[in-house]
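Secondary and tertiary structure notes
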Amino acid sequence: MSCKNICIEYKAKKSFHASFYENGVRRCTECEVFIRWNNGSRCPCCGTVLRIKTHDAKLRRRLLSKSKTVS
Ligand SMILES: [Zn+2]
Ligand SMILES: [Zn+2]
């Protein structure tokens, strides 16, 4: 499993922050990108199972806002 740059076609823009995870945006840990993909649980590029970490991301943001900002 490796990145074939197909994910770039589906890459999600970070400007959609508010509804990021509610629009079928998923995280591929292999390609290290957020992609818009609703046609399955696997990355169309590398085949890795995509992560949907809505609660985790919200929690992390809350934690980050309390302490120092890590980008
Ligand atoms: Zn990829
Ligand atoms: Zn991928």
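Presented here is a report on the structure given in the accompanying data block. (Residues numbered from 1 in each chain as written. Chains lettered and ligands numbered in written order. Predicted model: local features only at pLDDT ≥ 70, side-chain atom pairs only at ≥ 80, totals over all residues. Heavy atoms only, no water.)

Some details on the coordination of the zinc ion (ligand 1)
Every protein donor of the zinc ion (ligand 1) is accounted for by C3 (SG), C7 (SG), C31 (SG) and C45 (SG), and the metal-donor separations fall at 2.2 to 2.5 Å. Here the donor residues for the zinc ion (ligand 1) map to a single chain with the spacing C-x3-C-x23-C-x13-C. Separating the zinc ion (ligand 1) and the zinc ion (ligand 2) is a distance of 3.9 Å, and C31 donates to both of them. Remark: C45 occurs in the loop between strand 2 (33-36) and helix 1 (54-66) and C31 occurs in the loop between strand 1 (25-28) and strand 2; sequence separation between them is 14 residues. Here C31 matches C45 in class, with each residue buried. (Donors = N, O, S within 2.8 Å, 3.2 Å for Na, K, Ca; no water. Helix = DSSP H or I, 4+ residues; strand = E, 2+ residues; numbered from the N terminus. Buried < 20%, exposed > 50% of the residue type's maximum accessible area, 1.4 Å probe, protein only.)

Overview of the coordination of the zinc ion (ligand 2)
Ideal geometry at a metal centre: 109.5 degrees between donors when four sit tetrahedrally, and 90 or 180 degrees when six sit octahedrally. Coordination sphere of the zinc ion (ligand 2), protein contribution only: C28 (SG), C31 (SG), C43 (SG) and C46 (SG), at 2.2 to 2.4 Å. Metal-centred angles of 96 to 126 degrees between the 4 donor atoms at the zinc ion (ligand 2) mark the site as tetrahedral. Considered as a linear motif, the donors of the zinc ion (ligand 2) on their single chain read C-x2-C-x11-C-x2-C. The exposure class assigned to C46 is buried, which follows from its relative accessible area of 9%. (Tetrahedral: all angles 85-135°; square planar, octahedral: opposite > 155°, others 65-115°.)

Structural notes on the packing of aromatic side chains
Considering all chains together, one arrives at 1 aromatic pair under this definition. Their ring planes at 80 degrees and their centres at 5.0 Å tell us that Y10 and W37 sit as a pair that is edge-to-face. Of this pair, Y10 sits in the segment before strand 1 while W37 sits in the loop between strand 2 and helix 1, and the two are 27 residues apart along the sequence. Looking at W37, the relative accessible area reads 14%, which means it is buried. Directly above the aromatic system of F34 lies the positively charged group of R27, at a separation of 4.9 Å from the ring centroid. (Phe/Tyr/Trp six-rings, centres within 6.5 Å; stacked < 30°, edge-to-face > 60°. Lys NZ or Arg CZ within 6 Å of the ring centre and 35° of its normal.)

Let's talk about the pairing of strand 1
Strand direction decides the pairing type here: strand 1 and strand 2, joined by 4 bridges, are antiparallel. Residue pairing across strands places R26 opposite I35, the latter belonging to strand 2. Between strand 1 and strand 2, which pair antiparallel and follow one another directly, the connecting turn spans 4 residues, one of which, E32, has a positive phi of 60 degrees. (Pairing = 2+ DSSP bridges.)

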